[in-house]
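Chain and residue survey
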Amino acid sequence: MYQYDLTEEQLAIRQIVRRIAREKVAPRAAEIDETGEYPWDILEVFRKNDLMGIGIPEEYGGAGLGMLTLCIVIEEIAKVCATSSLIVAAQELGLMPILLAGSEEQKQRFLPKAATGEHITAFALTEPGAGSDAGAVKTRAVRDGDDYVLDGQKCFITNGGVADLYTVFATTDPEAGIKGLSAFVVPKDAPGFTIGKKEDKMGIRGSQTTELIFDKCRIPAENLLGEEGQGFKIAMMTLDRTRPGIAAQAVGIAQGALDYAVNYAQERKQFGRSIAAFQGIQFMLADMAAKVEAARQLVYKAAATIDKVDEGGEEFAALSALSAMSKLFASDVAMEVTTDAVQVLGGYGYMRDYPLERMMRDAKITQIYEGTNQIQKIVIARDLLK
Ligand code: CAA
């Protein structure tokens, strides 16, 4: 693989995570997919190796290493198991609203336990009637003395039933539409909060995706993030910063599939020689490698831009578009490359005894979650035409 301009520290972390992925995660990947059970043992490995708080600043107990390093970590894990890489990516998504909009007191209260992985977080925006149209959230939050009372339902929530803390978007002013949304931290044991249906998914099967049900759910008013009415902006700013993490997951899945296909092509013999000797296969592998590398460069660029947040400037102003481009491009590459990798293996690629059909199923979600690729195109086009 070609070197990006990574620091010594990032290269060292990549080596460490590559080893953890190979030794601890890869042997479990097929079983996690088969059972659909949350891999608590893998979470424990990540906790022990301080991988759960990579993006959290040091003053809140994290490693303070930023988004580019986080993307490298996600990519390395995704090469062998997309579900396991989502453990790290979803943690960042769930806690990002607190990082962006939390008060100093809220950051001190919530982030240290998220940084060690003692607390798992979840991001709860999507509802049955508010998917791509995220502003159409109907979950209601009403102020009642020192509390808010939440009523409504979320769906497709990653880490549902696993998380300790949920950042929940609800409307405090339905008349105000998008500008009436507010963001809250809901602990898993809040009265009136329950987990609904668990989804049976095509891919990332070990990741738990559930409904959340709020029935007169009472949380302290001090769990409001920012001010009432800022919720939509907080959600969008969060996704601007976390979409490259999903893009990194896509790059990892694609690279894992490419590596497998390259090895297989060298070993598999047909017509008296290895299939890698045929130009038809060589050209496929070359196209796959070029796409993966292009995707990686774009993801690292988006992540490095996020890490320059304090520097401001023109490039940072285009962050939404850059972040959307990284997810759009990398996830399409992941789908193409995993599909072609299955093709290189022929009939074997289609069989569950080999990991490629799982990688192809896992790749599909990267084109859908954290905003469908059609939404990413809207974000990019709006930046061009503004
Ligand atoms: N940063 C800051 N503010 C932003 C913003 C951004 N990136 N994008 C929009 N806003 C602000 C706008 O400036 C506007 O405010 P003003 O009127 O004051 O200017 C306000 O928000 C409304 O913006 P829009 O008019 O652009 O809103 P819209 O209704 O047209 O929607 C959208 C925009 C981009 C389509 C948005 O709805 C969207 O991103 N949808 C996709 C939702 C999504 O990604 N869901 C993912 C769920 S999480 C998940 O999938 C996780 C998982 O499983 C792991």
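Right above here is the structure, for reference.
Residues numbered from 1 in each chain as written. Predicted model: local features only at pLDDT ≥ 70, side-chain atom pairs only at ≥ 80, totals over all residues. Heavy atoms only, no water.

Thoughts on the nonpolar core
Of all hydrophobic cores here, the largest spans 121 residues; its most connected members are Phe 46, Leu 150 and Val 186. Sort the elements by how many residues they give to this core and helix H7 (residues 231-267) lands first, with 16 residues. The residues contacting Phe 46, other than those within four sequence positions of it, are Val 25, Leu 51, Met 52, Ile 77, Ser 84, Ile 87 and Val 88. (Core = buried A, V, L, I, M, F, W, Y, C linked by side-chain atoms within 4.5 Å. Buried < 20%, exposed > 50% of the residue type's maximum accessible area, 1.4 Å probe, protein only. Helix = DSSP H or I, 4+ residues; strand = E, 2+ residues; numbered from the N terminus. Contact = heavy atoms within 4.5 Å.)

Focus: the packing of helix H1 (residues 8-25) against helix H3 (residues 40-48)
Any two packed helices are characterised by the angle at which their axes cross and by the distance between the axes. Direction vectors running N to C along H1 and H3 enclose 150 degrees, while the axes themselves pass 11 Å from each other. The orientation of H1 with respect to H3, classified from their angle, is roughly antiparallel. Here H1 runs over H3; the crossing is right-handed. Mapping the contact onto sequence places Ile 20, Lys 24 and Val 25 in H1 and Ile 42, Val 45 and Phe 46 in H3. Residue classes in the contact of H1 with H3 are distributed as 5 nonpolar, no polar and 1 charged. (Axes fitted to C-alpha atoms, helices over the stretch in contact; angles between N-to-C directions. Parallel < 35°, antiparallel > 145°, perpendicular 65-115°, else oblique. Left-handed = near helix turned anticlockwise from the far one by under 90°. Nonpolar A, V, L, I, M, F, W, Y, C, P; charged D, E, K, R; others polar.)

Some details on the pattern of salt bridges
As enumerated under the stated definition, the model contains 21 salt bridges in all. Residue Arg 109 pairs with Glu 105 through a salt bridge whose shortest N-O separation is 2.6 Å. Placement of both Arg 109 and Glu 105 in helix H6 (residues 104-116) is noted, with a separation of 4 residues, approximately one turn of the helix. Its salt-bridge partner being Glu 336, residue Lys 291 comes within 3.0 Å of it at the nearest N-O pair. Placement of the pair is Lys 291 in helix H8 (residues 279-306) and Glu 336 in helix H10 (residues 319-345), with a sequence separation of 45 residues. On the basis of relative accessible area, Lys 291 is assigned to the partly exposed category, the value being 27%. Residue classification places Glu 336 among the partly exposed residues on the basis of a relative accessible area of 36%. (Salt bridge = Lys/Arg side-chain N within 4 Å of Asp/Glu carboxyl O.)

As for the site of the ligand
Neighbouring the ligand are 23 residues; Ser 132, Thr 158, Asp 240, Glu 370 and Arg 382 lie closest to it. Glu 370 has a polar backbone atom sitting 2.8 Å from an oxygen atom of the ligand. Within the contact set of the ligand, an oxygen atom lies 2.6 Å away from a side-chain nitrogen or oxygen of Arg 382. Burial of the ligand by the protein chains amounts to 70% of its free accessible area of 1,100 Å². For the ligand, the cavity whose grid points lie within 2 Å of the majority of its atoms is the largest pocket. Within the residue set of the shell around the ligand, elements represented by two or more residues are H7 and helix H12 (373-385). Domain assignment of the residues forming the shell around the ligand places at least three in each of domain 2 (121-229) and domain 3 (232-385). (Near = heavy atom within 4 Å. Polar contact = N/O pair within 3.5 Å; in protein donor to acceptor, adjacent residues only side chain to side chain. Areas by Shrake-Rupley, 256 points an atom, 1.4 Å probe, with all protein chains shown as cover. 1 Å grid on protein atoms, 1.4 Å probe; cavity = no way out; pocket = protein on both sides within 12 Å on 5 of 7 lines; lining within 4 Å. Sits in = over half its atoms within 2 Å of the grid points. Domains from an automatic or database assignment.)

Digging into the packing of aromatic side chains
This structure, assessed with the given rule, holds 8 aromatic pairs. Aromatic rings pair up to connect Tyr 166, Phe 193 and Phe 214 into one cluster. (Phe/Tyr/Trp six-rings, centres within 6.5 Å; stacked < 30°, edge-to-face > 60°.)

What to know about the environment of Leu 181
In this structure, Leu 181 sits in strand S5 (residues 181-187). Counting along the chain gives 42 residues from Leu 181 to Thr 139, while the straight-line C-alpha distance between them is 9.3 Å.

A look at the layout of surface pockets
Rolling a probe over the atoms, with the probe sized like a water molecule, indicates the empty space that remains. What the largest pocket holds in volume is close to 1,400 Å³. Only helix H5 (82-101), strand S1 (121-124), strand S3 (147-158), H7, H10, helix H11 (356-366) and H12 provide two or more residues apiece to the lining of the largest pocket. In terms of residue count, H7 provides more of the lining of the largest pocket than any other element does, 6 residues in total. Classifying every residue of the lining of the largest pocket gives 27 nonpolar, 11 polar and 12 charged. (Points joined across faces, edges and corners; volume = space filled by probe spheres on them.)

What about the side chain of Gln 91?
Tracing the sequence through the fold places Gln 91 in helix H5. For Gln 91, a relative accessible area of 1% translates into the label buried. Within polar-contact distance, the side chain of Gln 91 engages the backbone oxygen of Ala 114 at 2.9 Å.

Side note on helix H4 (residues 66-78)
In this model, H4 (13 residues) spans 18 Å end to end at C-alpha, consistent with the 18 Å of a helix rising 1.5 Å per residue. In terms of residue burial, H4 counts as a mostly covered element, since 13 of its 13 residues are buried. (Expected span 1.5 Å × (residues − 1).)

Nothing here speaks to function; it is all geometry.
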